[in-house]
Amino acid sequence: MEKRFALFLVLSSLILMTHLVIQQQFFPPPVPAVQQPEQQPPEAPDAPDPQVAQTPDTGTPDDAPRVPEVPELVAEPETETAPALATLGSLAPDSPYKLLVTLNNRGAAIERIELNERTRSGQFRYRDSERTSGYLGHLQLQDEPGGGSRVRVVGSGTPADLARALTAGTPPGLRAGDVIVQLDSRPIQSSLDYTEHLAGLRAGQVVRIEVSRSNPETPTSRLAFEAMLTDEPLSVVQPEVNRHAKTNRPDALSFLFTLTRIGAKAIERGRSEIADLPSLREGHWAMQEVADDGNGPAVEFRRRLSSGDLKRIGIDGDLEIVKRYRLARSIGDSPSPTAPAAHHLTLEIEIHNLGSSAQPLAYQLDGATGLPLEGWWYSNKTHPTKFSAVGARDVAWKTVRSGHGLIGAPQIYKEAKKAEDKGIAAPIPLFPQGQQQVVRYVGGDAQYFCVVLLTEADADPAKATFQEGHAILAGPFGEKAGQWVKTTNTTFRLASPDRTLEPGQVYSQKFTIFAGPKVPALLQQYGLEEFIAYGWFWMIAIPLSWLLHFFESLPLVNYGLAIILLTVLVRSAMMPLSRKAAKNAQMMQELAPEMKRIAEKYKNDMEKRGIAQRELFAKHNYNPFGGCLLMFVQLPIFIGLYRSLSVDIELLQAPLIHGFWWCSNLAGPDMLWYWEPYLFAFFADPGTGWLGPYLNVLPIVTIVLFLVQQKMFMPPATDEQTRMQQQMMKYMMVFMGVLFFRVPSGLCVYFIASSLWGIAERKMLPPPQKRDATAVAAPKKPSGLAFFSKEKNSQAESDAKKARIKNRQKRR
């Protein structure tokens, strides 16, 4: 029956898979048109804040904070030209910078931050695992009316910057302003052609690029270049479009700034900026590069709010705002407690009062957006103070008064949905409103990376004091289901208290922006070690992580082999307990026939059956709960190892076998085959499916070994109830395989090695002594002298009994 059922399941699965493959190959669904982000003009300064929902006509509770209606106002027109871009840092292998930062003069914002960490072989240490195509650089292409795509920015050290010129007399590298007209033999009419062509290429391949370049001295010329593609480095900050939103408008960029009060004029509730003023969040700032003064290169943005601008809101004054980003240099190849850190840039904000009167001022500053989603569909982050999971893009902060805190992306999404449905305020306060707090840091927290804004709380607590802090959405709300909620693009917003700026006075404030991996030694240098949460079993997870790194540091040992060595060490330490549990299980196999006899003898009397079983266990010195101690010890180790493997960034993109594409990320599933296009969303959707978008082999091997172990060493059933329990255990193993289908492959390697160790350990025990149940159930027939001896004893007992009866009669 079991074999037929298993065969039915296998054949049914094969038929379903064959049907889906044929349907995908020969009858594919129509491909929807690719939506490009809207090229929208700058937002009017009186536009509604997307973080605060507007009050609907009906259905709003009376006690809910309502958003006041604000009349339509005409915004100052901005120029229709595309924003200007600039970069700081480099991706060159020998670069002294760990970051390549792309800046946008629209809002004086950070558009993208790419990591320049290298392995010993010169490859990027942190790559974008979701993108397998070759990388030329983020050129921010803009389609030209006559065909071709104009390059808007070229990052230093990218393949586009290092491209070899094939045209004589041309310096190497593409430039901003070049129009790409051809890649290899393919003409480029739009950025979509560019993307589709690169999608078919891989790292290490060479691509021929033909561009049209205009020079002031010479007419437009067509130049040819040759570039070797690389893997795409991971971006810890990037622009993003919410795929679940009703509009394809891009989410907000990172570290946007605006004034919330100028004199008596303050920002109105439900608005992102002061009405009738030029937009500081969406407007174009003047941009210029600043010479390196020894502290690193910088880019400076300036925006003037002239007397004419301020008169429109009834204020007599003249202001200028400056935002300056400066990138730190790197010294050393790896983070250590003593080496200086360089995964940061500084943000300096200056407000100049150029008028003749004092101005009360206040501002608000947003955080980073578009954090990486590496590992969101297969891993779970743990809340640092609660026994619960959070999201993939959470908001974490620390104040002098309340310490470290975290709000998960699911909670932020829930509040945003409530705002969408009922029209109540969406932002979630980081600390009690109305209580100013000295903020040490606040930032976005992803699974393996974080981008954090650090204040000078120790040097100048007054400037690190903020009136309010909120966790907000980074863009328009979009309905999400299942685990997709974890991917909500979140950020923070800090609001400063009011400060009066005298005529000619300059208010300045300096922040440090950390952007990098969650390496413990690196985080410790910035005081961000609390961004790594091991959960309740941290006292086990941390030593296991240390042992794992110690084994990996040995010669010829990678992390796959280090996990196996860790398994051997753990199982060796638990060998006394596991050997006792194995002997206990073996004793149970020996006692199975007698247990069956007792069950048959006391079929209808459970009390007597229990007494007989306890007497049998006592006679053979058997403890039925002897194996529970091993499980009790193994459970914390399992949870601690799971947490250690889940948060350890060193396992991210660390292969099981070097040079082999399969199982190239021990922090995630092995991902043998991408089967999402061939299965129903119920099974393969990353956010709502049971199994996920990849076929993973190691969890299947793990469950098969569990079943083999169960089949080899489980004692035979003594009754129908025990038989049913054993059947349920088999099905539970299969169900566990579904639940553990997305666990890290490193954890599966541990389970496989542990199972093989357990099988070998049981095989080393002496074979169990077989007991004949029929011989125990029926007493042996005596023969020979034993028979006559027993008969003689019976006769003597009978005579003694008769004598006792006669004596009683005489006494009477």
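The element strand E22 (residues 437-445) is extensively covered by neighbouring structure, given that seven of its nine residues are classed as buried. Direction of pairing for strand E19 (residues 394-399) relative to E22: antiparallel, over a ladder of six bridges. Note that in E22 the partner of Lys-398 across the bridge is Tyr-441. Relative to strand E24 (residues 465-466), E22 runs antiparallel, the two being bridged by two bridges. Residue pairing for E24: Val-438 is matched across the bridge by Thr-465. Pairing of E22 with strand E23 (residues 449-454), which is carried by five bridges, proceeds in the antiparallel orientation. Within E23, the residue paired with Gly-444 across the bridge is Val-451.

Bringing the pattern of salt bridges into the picture now. As enumerated under the stated definition, the model contains 31 salt bridges in all. The residue Arg-302 makes a salt bridge to Glu-320 at a minimum N-O spacing of 3.2 Å. Taken together, the positions of Arg-302 in strand E15 (residues 298-305) and Glu-320 in strand E16 (residues 319-327) put the pair 18 residues apart, joining distant regions of the chain. On the accessibility criterion, Glu-320 (17% relative accessible area) is buried. Its salt-bridge partner being Lys-381, residue Asp-394 comes within 2.6 Å of it at the nearest N-O pair. On the criterion of sequence distance, the pair formed by Asp-394 in strand E19 and Lys-381 in the loop between strand E18 (359-366) and E19 is long-range, its members being 13 residues apart. For Asp-394, a relative accessible area of 0% corresponds to the buried category. Look at the salt bridges and you will find they share partners, linking Glu-300, Arg-302, Glu-320, Arg-324, Glu-348 and Glu-350 into a network.

What follows is about the environment of Thr-195. Locating Thr-195 in the fold gives a position in helix H2 (residues 191-199). As for Thr-195 and Ser-133, which are separated by 62 residues in sequence, their C-alpha atoms are 9.4 Å apart.

Ranked by size, the top nonpolar core spans 130 residues in total, and within it Ile-110, Phe-257, Leu-259, Ile-262 and Tyr-325 carry the most contacts. Take this core: its biggest share by element is seven residues, from helix H14 (residues 745-763). Setting aside its immediate chain neighbours within four residues, Phe-257 contacts Leu-280, Arg-281, Trp-285, Ile-321, Lys-323, Ile-349, Ile-351, Tyr-363, Gln-364 and Leu-365. Among the nonpolar cores identified, the runner-up in size contains 22 residues, and Ala-160, Leu-174, Ile-180 and Leu-201 belong to it.

Strand E25 (residues 468-473) sits mainly inside the fold: five of its six residues count as buried. Two elements, strand E21 (residues 428-429) and E25, share two bridges in a ladder whose sense is antiparallel. Counterpart to Ile-428 in the pairing with E25 is Ala-471. Pairing analysis gives six bridges linking E25 to strand E26 (residues 490-495), with the strands arranged antiparallel. Looking across to E26, one finds that His-470 is bridged to Arg-493.

What counts as what
- Residues numbered from 1 in each chain as written.
- Predicted model: local features only at pLDDT ≥ 70, side-chain atom pairs only at ≥ 80, totals over all residues.
- Heavy atoms only, no water.
- Buried < 20%, exposed > 50% of the residue type's maximum accessible area, 1.4 Å probe, protein only.
- Helix = DSSP H or I, 4+ residues; strand = E, 2+ residues; numbered from the N terminus.
- Pairing = 2+ DSSP bridges.
- Salt bridge = Lys/Arg side-chain N within 4 Å of Asp/Glu carboxyl O.
- Core = buried A, V, L, I, M, F, W, Y, C linked by side-chain atoms within 4.5 Å.
- Contact = heavy atoms within 4.5 Å.

The analysis is restricted to geometry; functional conclusions fall outside its scope.
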